[in-house]
Amino acid sequence: MPDMQTPPARLGGLLSDGTHYAVYGQGTPLVFIHGVGMAQEVWAPQVIGFCRQHTVVTYDMLGHGRSPLPPEAPTLGDYAEQLRRLLDQLGLKRAHIVGHSMGALVALEFALRAPERCLSVAALNGVYCRTQAQRDAVMARVHGLKLQSTGAEAAGIEGTLSRWFGEPVPPSLVSAAYVCRHLLNNVQPLGYARTYGLFATSDRAHEGRLAQLQMPSLFMTGEFDPNSTPAMSQAMAQATPQGRCQVLAGERHMMCLTGVPQVHGELQPFLLAAQAGHTDLEAA
């Protein structure tokens, strides 16, 4: 089972806008943004792995955990603005930004809107220009949410876990699936529905814009992720001036929980190389 016991946060609570966050360790700032239906607790293995070299910041995105709901018709800009407020109120001028799935969309949107705040950007299991079949499938799940309006349960937690871990869930992944099941069972229903609707329709939000990213950019996914495919990460990397694609063999959508050594083995050198050119960095 992935280690979900983080060290004590040295700072945390609620921002003035209601965002729930936590700060661990000390060093170059590193922000992790979770995906739809999750919460900041899902980053526990990364907190443990990176807090000795970085000021690690985790937070609940709008509509998740203890953070407030997004607007009724949210945009990626709303989620990027939440991140900007977080950095501002923590006094962090620049940071490495890492996002998973929906969090990857937010990370890229923030990097495009505020490149001066980003030392690097990493999109893990990101979506980009879905095929028609992929688009039809995700929109069917959105339709189910609208019909039943009961959050993650309406989309089918079992179906979600099947996409993320396989069916049946392999014995080695049962504990990670349990963590995700717990978070999905406790998600804010309305926040989940609004965020998932945005996630489902934002796969082309960065098409034609990635050439504007001038910071080091990593696009990483799992070999067997059926929705955030290797082809998507490869296409994003090719469209980004300093983009690099990494596909982890044997991994699926929740590789940050199931493939921790492999994820960290790629992310750590990427972060070190990205900040090597910055001589004016101070520990936060």
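Residues numbered from 1 in each chain as written. Predicted model: local features only at pLDDT ≥ 70, side-chain atom pairs only at ≥ 80, totals over all residues. Heavy atoms only, no water.

Participant: A description of the nonpolar core should follow, citing residues and the corresponding values.
Facilitator: Grouped together as the largest cluster of nonpolar side chains are 88 residues, with contacts concentrated most on Val 31, Ile 33, Leu 83, Ile 97, Met 102, Phe 165 and Leu 267. At nine residues, helix α3 (residues 102-113) tops the list of elements feeding residues into this core. Discounting chain neighbours no more than four positions away, the residues touching Ile 97 are Val 31, Ile 33, Leu 83, Ala 107, Phe 110, Cys 118, Ser 120, Val 121 and Ala 122. (Core = buried A, V, L, I, M, F, W, Y, C linked by side-chain atoms within 4.5 Å. Buried < 20%, exposed > 50% of the residue type's maximum accessible area, 1.4 Å probe, protein only. Helix = DSSP H or I, 4+ residues; strand = E, 2+ residues; numbered from the N terminus. Contact = heavy atoms within 4.5 Å.)

Participant: Before we move on, could you go through the layout of surface pockets and cite the residues and values that matter?
Facilitator: A volume near 370 Å³ is recorded for the largest pocket. Along the walls of the largest pocket sit 23 residues, with Ala 39, Gln 40, Glu 41, Val 42 and Leu 183 positioned nearest its centre. Every element with two or more residues in the lining of the largest pocket is listed here: β2 (20-24), α1 (44-50) and α7 (174-185). Taken as a whole, the second largest pocket spans an internal volume of roughly 240 Å³. Forming the boundary of the second largest pocket are 20 residues, of which Arg 163, Trp 164, Tyr 196, Phe 199 and His 253 lie nearest the centre. Listed by contribution, the elements that provide at least two residues to the lining of the second largest pocket are α4 (132-148), α6 (157-165) and α8 (189-201). Residues that form the lining of the second largest pocket fall into these classes: nine nonpolar, eight polar and three charged. (1 Å grid on protein atoms, 1.4 Å probe; cavity = no way out; pocket = protein on both sides within 12 Å on 5 of 7 lines; lining within 4 Å. Points joined across faces, edges and corners; volume = space filled by probe spheres on them. Nonpolar A, V, L, I, M, F, W, Y, C, P; charged D, E, K, R; others polar.)

Participant: Summarise α3; cite the residues concerned and give the values.
Facilitator: An α-helical segment advances 3.6 residues per turn. Residues three or four places apart therefore align on the same side. For α3, spanning 12 residues, the distance from its first C-alpha to its last is 17 Å, which sits close to the expected 16 Å at 1.5 Å a residue. Counting buried positions along α3 yields 11 of 12 residues, so the element is predominantly enclosed. Burial in α3 covers these residues: Met 102, Gly 103, Ala 104, Leu 105, Val 106, Ala 107, Leu 108, Glu 109, Phe 110, Ala 111 and Leu 112. (Expected span 1.5 Å × (residues − 1).)

Participant: Break down the environment of Gly 91 for me, citing the residues and quoting the values.
Facilitator: You can see Gly 91 is positioned in the loop between α2 (76-90) and β5 (95-100). A C-alpha to C-alpha distance of 22 Å links Gly 91 and Ala 276, two positions 185 residues apart in sequence.

Participant: Tell me about the pairing of strand β8 (residues 243-248), residues and numbers included.
Facilitator: Sheet analysis places strand β7 (residues 217-222) next to β8, joined by six bridges and oriented parallel. Note that in β8 the partner of Leu 218 across the bridge is Arg 244. Between β7 and its parallel partner β8, the chain crosses via helix α9 (residues 230-238), and the hand of that crossover is right-handed. (Pairing = 2+ DSSP bridges. Right-handed = clockwise from strand over helix to strand, strands pointing away.)

Participant: Hey, could you go over the sheet that holds β5 for me, with residue numbers and the actual values?
Facilitator: Spatial ordering of the open sheet is given by β1-β2-β4-β3-β5-β6-β7-β8, a layout of eight strands whose pairing is mixed. Edge positions in the sheet fall to β1 (11-14) and β8, since each has one partner strand and no second. Averaged over neighbouring strand pairs, the angle between their axes works out to 15 degrees when direction is ignored. Pairing analysis gives four bridges linking β2 to strand β4 (residues 54-59), with the strands arranged antiparallel. In the strand pairing of β4, Val 23 is matched with Val 57. Along the sheet, α2 makes contact with β1, β2, β3 (28-33), β4 and β5, crossing β4 at roughly 135 degrees. (Axes fitted to C-alpha atoms, helices over the stretch in contact; angles between N-to-C directions.)

Participant: Run through the packing of aromatic side chains, naming residues and quoting values.
Facilitator: Scanning all chains against the criterion turns up four aromatic pairs. Seen in terms of ring centroids, Phe 32 and Trp 43 are 4.8 Å apart; in terms of plane orientation they differ by 35 degrees. Their pairing is tilted. Of this pair, Phe 32 sits in strand β3 while Trp 43 sits in the loop between β3 and α1, placing them 11 residues apart in sequence. A relative accessible area of 0% means that Phe 32 is categorised as buried. What makes Trp 43 buried here is its relative accessible area of 1%. When the centroid spacing of 5.8 Å and the interplanar angle of 20 degrees are considered together, the rings of Tyr 192 and Tyr 196 count as stacked. Note that Tyr 192 and Tyr 196 are positioned in helix α8 at a spacing of four residues, about one turn of the helix. The burial state of Tyr 192 is the same as that of Tyr 196; both residues are buried. For the cation-ring pair, Arg 130 lies above Phe 199, with the distance from its terminal atom to the ring centre recorded as 5.0 Å. (Phe/Tyr/Trp six-rings, centres within 6.5 Å; stacked < 30°, edge-to-face > 60°. Lys NZ or Arg CZ within 6 Å of the ring centre and 35° of its normal.)

Participant: I'd like a description of empty space enclosed by the protein, backed by residues and values.
Facilitator: Gaps between atoms show up when a probe of the same size as a water molecule is rolled over them. All told, the structure shown has one cavity of 30 Å³ or more when counted by the stated rule. Empty space within the largest cavity amounts to approximately 50 Å³. Around the largest cavity sit His 34, Gly 35, Met 38, Val 42, Trp 43, His 100, Met 254 and Cys 256, which together line it. Residues belonging to the lining of the largest cavity are distributed by class as follows: five nonpolar, three polar and no charged.

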